[in-house]
2 protein chains.
Amino acid sequence: MTRVLVPWADLADYGTLPDGLRIDVYDGVASPPADLSGVELYVLPYDRGSGPIELMRAMPALKAVQSLSAGVDKVVPLLPAGVELANGRGLHDASVAEHALALILAAQRDLPRWVDQQRSGSWEREHTRSLADSRVVLLGYGSIGRAIARFMTAGEATVVPVASTARPAEGVHGVSELPGLLPGADILVAVLPDTPSARGVIGAAELAALPDDALVVNVGRGSTVDTAALTAETGTGRLRAALDVVAPEPLPPDHPLWTTAGVLITPHVAGGSASFYPRAKRLIVEQLRRFAAGEPLLNVVS
Amino acid sequence: MTRVLVPWADLADYGTLPDGLRIDVYDGVASPPADLSGVELYVLPYDRGSGPIELMRAMPALKAVQSLSAGVDKVVPLLPAGVELANGRGLHDASVAEHALALILAAQRDLPRWVDQQRSGSWEREHTRSLADSRVVLLGYGSIGRAIARFMTAGEATVVPVASTARPAEGVHGVSELPGLLPGADILVAVLPDTPSARGVIGAAELAALPDDALVVNVGRGSTVDTAALTAETGTGRLRAALDVVAPEPLPPDHPLWTTAGVLITPHVAGGSASFYPRAKRLIVEQLRRFAAGEPLLNVVS
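Residues numbered from 1 in each chain as written. Chains lettered and ligands numbered in written order. Predicted model: local features only at pLDDT ≥ 70, side-chain atom pairs only at ≥ 80, totals over all residues. Heavy atoms only, no water.

Undergrad: Quick question: what am I supposed to make of the overall build of chain A here?
TA: Across its full length, chain A holds 8 helices and 12 strands. Overall, chain A is about 65 × 50 × 35 Å in size when its C-alpha atoms are taken along their principal axes. The proportion of buried residues among the 302 residues of chain A is 54%. Here the analysis covers contacts within chain A between residues at least 6 apart in sequence; of these, 56% occur between residues at least 24 apart. Accessible surface, chain A as shown: approximately 12,200 Å² in total, 53% of it carbon and sulfur. Side-chain charges in chain A split into 25 positive and 33 negative, and the spacing between the mean points of these groups amounts to 3 Å. (Helix = DSSP H or I, 4+ residues; strand = E, 2+ residues; numbered from the N terminus. Buried < 20%, exposed > 50% of the residue type's maximum accessible area, 1.4 Å probe, protein only. Contact = heavy atoms within 4.5 Å. Areas by Shrake-Rupley, 256 points an atom, 1.4 Å probe, with all protein chains shown as cover. Lys, Arg positive; Asp, Glu negative; His and termini not counted. Charge placed at Lys NZ, Arg CZ, Asp CG, Glu CD.)

What follows is the structure in structure tokens.
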């Protein structure tokens, strides 16, 4: 009987499980099954560090690995030769997009101020910025970028999508056009992965090109934005920022960004919310069906 | 020459002003013009208290008053006989809808926690609730309700719209159906005006009908929700709340809601953001055109 190892025991609630599989559960926290020798498909527990990844070495029959992250840079170096790898593309889109919106709205509508006022029971009122009417340069226009764009459109903001290469038919600009686009941005949202070409794309020159009071949002990877340059531009009060990712992570406790007015920081939690789980479980059920039927897996990356 | 009194001097930036009007400016803060005897159309300054409203009495030639609020309950009692009143319906829709979303996302994605952690430079991470997949009962389905619904749809949440009377063709439930709808609500959003029929619509029984951990959001008027009942249900931790309006306002500094875990309060700021101004100014330009041309005004309420 074909053995598979999955991180959750309740997959049958998310679809019909195929016959002909022996399904064991390993959540990345409790001990793994003692005998892993027959495991052919391994669905990695999500966000549990390197231990579960190293476990691949104890699976001599392994044919395929399913990661539940979009980025698989930590899995690839440890992947045994000849083993197929599928990623978790799309599972976090809804979660990351809504966290991006949470950051944007918190910044535009002064939520940190109201949280502070709540502490002292103060009803002091003041008008705030809006999202509506804003011009939002969206750097990274894959599935998460498009989900963010849907929110922006619902909110009467104008989206200027930018991807690594221009796609004129879709109205998507190329990253080489950034210098001309940044001076018109009220809000810059970065949703880029940690690739060599994305690293440092938003440096001192790009930040300097933004107009006064612009908001820099990063929900991709911290390496996209030059932290020192952003610290300088927010430190003078010229720019604002709302960041779920920074370089380095964790941001050191004494880093000046933590205490800069107009800077809001969340600790890389955009992808980790309740909506991930049903999406991940539905994907696993479909992958199990495909694996049992000998059909190609979805999301194969190598 | 027909005299009109408006709150802003830059209206010409928002459209073509008609010939044949003498346009004076009164912003509700500086002193009004000494002679108001010839004013025929008065656009009330926004959110400046009762002084500007009482000024109507000094305008014997007054034919029409334009309020920039959706609710005109404070203007009506002081409106001179025979004077037409137009309201500011729609001017705040974008602002209120995005604030509603800011409150919902802040609550679902734990923003107050991250604001607290930022204070101590803590990178402690935890998974949160989502907006996606939530079932959102939207109590009040006018233009603001529809704007909120567009955000919910973009966020992969399910909207259950409820209005005072059912509109089956639109899928809108009547308020009498609430008892059957509340047990299925992850999030209840109230966007009702302060009318006799809306007062206390969400009382102890309705709150008790909500499932554990449901989020109660109010961006309409505080009188919709029974404050004592909500204080009790959030005090035990059974329900959560995100409130821009409460009864009474201001909420007294020692009120227990201020310090209840899972309760987020903003001081009635949903309507007051930057996006209001261009919308208000474009409306005024159109009303001036209509007034000068002898055409009926928009948004006439009495």
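Undergrad: Honestly, the relation of the copies chain B and chain A in this entry has me stumped. Any pointers?
TA: To go from the first copy of the chain to the second, apply a rotation about an axis and then a shift along the same axis. Rotating chain B by 180° about the axis while translating it 0.0 Å along that axis superimposes it on chain A, leaving an RMSD of 0.1 Å. In the structure described here, the two chain copies are related by an operation that fits a two-fold rotation axis. Most of the interface of chain B is mirrored in chain A, where 98% of its interface residues again form contacts. (Least-squares fit on C-alpha atoms with pLDDT ≥ 70 in both.)

Undergrad: Help me out: how do you make sense of the UniProt feature "domain: D-isomer specific 2-hydroxyacid dehydrogenase catalytic" (unreviewed entry) in chain A in this one?
TA: With numbering matched to this structure, UniProt assigns "domain: D-isomer specific 2-hydroxyacid dehydrogenase catalytic" (unreviewed entry) to residues 54-301 of chain A. Its end C-alpha atoms 19 Å apart, residues 54-301 of chain A is made of 31% helix and 14% strand. (UniProt positions renumbered as here; feature names shortened; annotations may be inferred.)

Undergrad: Just checking my understanding: could you explain unusual backbone geometry for this structure?
TA: In terms of backbone geometry, most residues other than glycine have negative phi values and most peptide bonds are trans. Residue and element names in this part refer to chain A. Residue Pro250 follows Glu249 across a cis peptide bond; omega there is -10°. The topology assignment puts Pro250 in the loop between β11 (240-243) and β12 (263-265). Even without a glycine there, the phi angle at Glu156 is positive, about 60°. Relative to the helices and strands, Glu156 is located in the loop between α4 (143-154) and β7 (158-163).

Undergrad: Help me understand the pattern of salt bridges in this model?
TA: Any two side chains of opposite charge can pair if their charged atoms end up close together. Tallied over the full model, the rule gives 46 salt bridges over all chains. Note that A:Arg3 is salt-bridged to A:Asp24, the shortest N-O span being 2.8 Å. Note that A:Arg3 is positioned in strand β1 (residues 2-6) and A:Asp24 in strand β2 (residues 21-25), a separation of 21 residues in sequence. For the pair A:Arg3 and A:Asp24, one class covers both residues: buried. The partner of B:Asp10 in a salt bridge is B:Lys281, with the nearest N and O atoms 3.1 Å apart. Of this pair, B:Asp10 sits in the loop between β1 (2-6) and β2 (21-25) while B:Lys281 sits in helix α8 (residues 276-293), and the two are 271 residues apart along the sequence. Residue B:Lys281 is classed as buried on the basis of its relative accessible area of 7%. Here the residues in one salt-bridge network are A:Arg3, A:Arg22, A:Asp24 and A:Asp35, joined through shared partners. (Salt bridge = Lys/Arg side-chain N within 4 Å of Asp/Glu carboxyl O.)

Undergrad: What am I meant to see in the pairing of β7(A) here?
TA: On a regular strand, one side chain projects to one face of the sheet and the next to the other, so that they alternate. Residues and elements named next belong to chain A. Pairing geometry for strand β6 (residues 135-139) and β7, over 5 bridges, is parallel. Across the sheet, Val137 pairs through a bridge with Val160, a residue of β7. In this view, the connection linking β6 to its parallel neighbour β7 by way of α4 has right-handed handedness. One ladder, built from 2 bridges, connects β7 with strand β8 (residues 173-174); its direction is parallel. Opposite Ala163, over in β8, you have Gly174 as the bridge partner. (Pairing = 2+ DSSP bridges. Right-handed = clockwise from strand over helix to strand, strands pointing away.)

Undergrad: Help me understand the UniProt feature "domain: D-isomer specific 2-hydroxyacid dehydrogenase NAD-binding" (unreviewed entry) in chain A, please; the structure alone is not making it clear to me.
TA: The sites that carry the UniProt feature "domain: D-isomer specific 2-hydroxyacid dehydrogenase NAD-binding" (unreviewed entry) are, in the present numbering, residues 101-270 of chain A. From the first C-alpha to the last, residues 101-270 of chain A spans 10 Å; its make-up is 29% helix and 16% strand.

Undergrad: Even after reading the chapter, I still don't get the sheet that holds β7(A), so can you show me in this structure?
TA: Neighbouring strands of a sheet are bound in pairs by backbone hydrogen bonds; such pairs are parallel or else antiparallel. Residue and element names in this part refer to chain A. Pairing is parallel in the open sheet, where 7 strands are placed in the order β8-β7-β6-β9-β10-β11-β12. Only two strands of the sheet have a single neighbouring strand rather than two, namely β8 and β12. Taken together, the 4 bridges between strand β10 (residues 215-218) and β11 define a ladder with parallel strand orientation. Counted as the bridge partner of Val216 is Ala241 from β11. Contacts from helix α7 (residues 227-235) reach β10, β11 and β12, with the element oriented near 135° to β11. (Axes fitted to C-alpha atoms, helices over the stretch in contact; angles between N-to-C directions.)

Undergrad: Explain empty space enclosed by the protein to me, please; I cannot follow it from the model alone.
TA: Over the atoms rolls a probe the size of a water molecule, and its path tells where empty space is left. Considering all chains together, one arrives at 3 cavities of 30 Å³ or more under this definition. Each pocket or cavity is described by its volume, and for the largest cavity that value is around 50 Å³. Lining the largest cavity, in full, are A:Asn218, A:Gly222, A:Val225, A:Thr227, A:Leu230, A:Leu243, A:Val245, A:Val246, A:Ala247 and A:Leu257. In terms of residue class, the lining of the largest cavity is made up of 7 nonpolar, 3 polar and no charged. Size it by volume and the second largest cavity reaches roughly 40 Å³. In terms of lining, the second largest cavity is formed by A:Ala154, A:Gly155, A:Glu156, B:Ala94, B:Ala97, B:Glu98, B:Ala147, B:Arg150 and B:Phe151. Elements with a contribution of two residues or more to the lining of the second largest cavity: α2 (93-108) and α4 (143-154) of chain B. Of the residues belonging to the lining of the second largest cavity, the class tally is 5 nonpolar, 1 polar and 3 charged. (1 Å grid on protein atoms, 1.4 Å probe; cavity = no way out; pocket = protein on both sides within 12 Å on 5 of 7 lines; lining within 4 Å. Points joined across faces, edges and corners; volume = space filled by probe spheres on them. Nonpolar A, V, L, I, M, F, W, Y, C, P; charged D, E, K, R; others polar.)

Undergrad: Explain the nonpolar core here, please?
TA: Nonpolar side chains in soluble globular proteins tend to end up buried together. Within the largest apolar cluster, 74 residues are counted, with the highest numbers of intra-cluster contacts made by A:Leu131, A:Ile148 and B:Ile148. When sequence neighbours within four positions are dropped, the list of residues in contact with A:Ile148 reads A:Ala97, A:Ala100, A:Leu138, A:Val189, A:Val191 and A:Val219. (Core = buried A, V, L, I, M, F, W, Y, C linked by side-chain atoms within 4.5 Å.)

Undergrad: Can you walk me through the interface of chain B and chain A in this structure?
TA: Interfaces are frequently sized by the accessible area removed from exposure as the parts join. Counting residues at the interface gives 61 residues for chain B and 60 residues for chain A. Carbon and sulfur atoms make up 58% of the area that chain B and chain A hide from each other, which totals about 5,200 Å². It is B:Arg109, B:Gln118 and B:Trp123 in chain B that bury the most area against chain A; as a group they hold 17% of the surface buried on that side. Our count for the chain B to chain A interface comes out at 10 salt bridges. With a closest N to O distance of 3.4 Å, B:Glu98 and A:Arg109 form a salt bridge. Inspection of the chain B/chain A interface yields 43 residue pairs in polar contact (both at pLDDT 80 or more). When contributions to the side of chain B that touches chain A are tallied by element, the ones reaching two or more residues are α2, α3 (111-120), α4, β12 (263-265) and α8 of chain B. Classifying every residue of the side of chain B that touches chain A gives 30 nonpolar, 16 polar and 15 charged. (Buried area = accessible area lost by both parts, 1.4 Å probe. Polar contact = N/O pair within 3.5 Å; in protein donor to acceptor, adjacent residues only side chain to side chain.)

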